[in-house]
Each structure stands twice: as structure tokens, then as C-alpha cells.
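A structural walkthrough
What follows is each chain in one-letter form.
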Amino acid sequence: RVTFSYTEGETVLRELSFKVAGGEHVAIVGTTGSGKTTITRLLGRFYDVDSGRVLVDGVDVRDWPLEELRRRIATVLQDVYLFSDTVEENIRLWNPAISRRRVHDAVSHVNALGLIGRLHGGYNEMVRERGNNFSTGERQLLSFARALAHEPEILVLDEATSSVDTHTEELIQDAVGTLQKGRTSLVIAHRLSTIENADRILVLHHGALRESGTHRELMARSGVYARLYRLQVERGVESESAATPAR
């Protein structure tokens, strides 16, 4: 029953309730402004709810030590931030507990070994400001390696793969599957064709939960999700904002 607003009088989430089981892969869909990203911010306690509770393992996030809570959660965004340091440190994030072997294993598992092999300095290659010496897809692969190396229990993933070539997108989608194995995951879905195999799909509209179910169940219901899906897939529309759900 979470209600939240960034600005007083402008409610973003309204009496929102749902539960994600351990190891479950749940996708969150909806048009821009429906509250998808806000949910992930509340999970990591970057903001506190106005009312209601967000629980991790049955404990209110406000009762978790903040460092411990965030250590359990890895967030991979479409707009990846890389630091002006070596590739290795961008994966380790200066955590001495993460060895070179662990970094290498993470890189291997997310299909980024080819990228490292092409770098003159390998793991010691310096990353320029904001990672501008790497392509969008390469930055995403490094962010997946970073997430895997830190061994999170909960994965929050913005799965959009715009502006990458077909080969890199295939590597990214395979890396996503690797990251999700054995983990609870929340996927903010932009392209609905990429989340058809999710255990459950939550459909938000104006901050409220409108529908919940598998891809097949929601398509059979012919509601909000089905309309969004048909607009994107059958008409080739890749932008979530291009579709307006039924009211």
C-alpha cells in the first residue's frame, strides 16, 4: 500500500502493493511517468515512502543499515556511468575483497572477454571521462560485469538496449540471463518483446497497478498490456512513449 510523491500534491505511486518471491523474475511495464523507476528508487531507499512500507526479506527498508541494504542490490541502468580509472577498478569499484580472478570470471560470464582482449592495456586500460572511449554496448557489458562481481541478491535492471548493433544486443541479452540466474530480479521493461519470458509482468498506469500476470495471460486478457505489446511489436514501435494505454 505504498503512496509516494516527489512534490506535494503530485502523487507518483498510489496505494501500490505487490510481492516478489525470492528468485522470481518480475518485469515492470508502463508508459513514461507511470512510476516504474520510482519503485526501484524506493527499494534502494533513495527516497522514503509517504505511506505504506517497502520490505526486503520482511524487513522495512527504513530498518536496514543503508550500506547493507544497498550491498544486497545491484542496479544496472541504460545510461552506464564509468569512472576515470582502469577497467578493473570500474568493475571492482575499489572493493579490495574482489580479486582479479573474480573480476575475470564476471567478465567471462557476461560475454565481455572479447572486449577486454581488444584493449591495449586489458584490465589496466584507462577509462576516459564518462567512458567515452567505449561504445554504448561496451559500457553496458562492463556494467553487467560490475554487477556480477559484487554478487548481489537482488538485481534491478533497466533492460533498454537502444543504439547498439544486433551482435552486441545478443551478447547483452545473454548477459542478462546470466545475471538473473539464482537472483531475484526487477526489470524495468521498455521493449516488451524482451520480457515475454518473465515469471510475472506488472503493468502500471498513473502509479497504480492495473494488471499482473505472465505474458500469455496478459495477452489473453486483451487489456492495457496487450495494447502496448501490439503497438510495439506488430507495428514495430520501439518507444514506450509511443503507446497510450487504455483508460
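Residues numbered from 1 in each chain as written. Predicted model: local features only at pLDDT ≥ 70, side-chain atom pairs only at ≥ 80, totals over all residues. Heavy atoms only, no water.

A few points about the layout of surface pockets
- As a volume, the largest pocket reaches approximately 940 Å³.
- Taken together, 27 residues form the lining of the largest pocket, with Phe46, Ile73, Ala74, Thr75 and Val76 sitting closest to its centre.
- Of all the secondary-structure elements, those providing two or more residues to the lining of the largest pocket are helix H1 (36-43), helix H2 (66-71), strand E6 (73-76), helix H6 (136-149) and strand E7 (154-158).
- Of the residues in the lining of the largest pocket, the class split is 14 nonpolar, 6 polar and 7 charged.
- The set of elements that each furnish at least two residues to the lining of the second largest pocket consists of strand E2 (10-16), H1, strand E4 (55-56) and strand E8 (184-188).
- Top element by residues in the lining of the second largest pocket is H1. It accounts for 3 residues.
- Partitioning the lining of the second largest pocket into residue classes produces 14 nonpolar, 4 polar and 6 charged. (1 Å grid on protein atoms, 1.4 Å probe; cavity = no way out; pocket = protein on both sides within 12 Å on 5 of 7 lines; lining within 4 Å. Points joined across faces, edges and corners; volume = space filled by probe spheres on them. Helix = DSSP H or I, 4+ residues; strand = E, 2+ residues; numbered from the N terminus. Nonpolar A, V, L, I, M, F, W, Y, C, P; charged D, E, K, R; others polar.)

As for the pairing of strand E10 (residues 208-213)
- Where strand E9 (residues 200-205) lies against E10, 5 bridges are found, and the strand directions are antiparallel. Bridging across to E10, leucine 202 finds its partner in serine 212.
- Between E9 and E10, which follow one another and run antiparallel, lie 2 residues, and histidine 206 among them has a positive phi close to 50°. (Pairing = 2+ DSSP bridges.)

Let's talk about unusual backbone geometry
- Positive phi is not limited to glycine here, since arginine 45 has a value of about 55°.
- When you line up the elements, arginine 45 lands in the loop between H1 and E4.
- By relative accessible area, which is 26% here, arginine 45 ends up partly exposed.
- In this structure, glutamate 151 is a non-glycine residue whose phi angle is positive, near 50°.
- Tracing the chain through its elements places glutamate 151 in the loop between H6 and E7. (Buried < 20%, exposed > 50% of the residue type's maximum accessible area, 1.4 Å probe, protein only.)

What to know about helix H7 (residues 166-180)
- In a regular helix each residue adds 1.5 Å, so 15 residues correspond to 21 Å; H7 covers 21 Å between its end C-alpha atoms and thus fits that length.
- Turning to H7, its buried residues are Thr168, Ile172, Ala175, Val176, Thr178, Leu179 and Gln180. (Expected span 1.5 Å × (residues − 1).)

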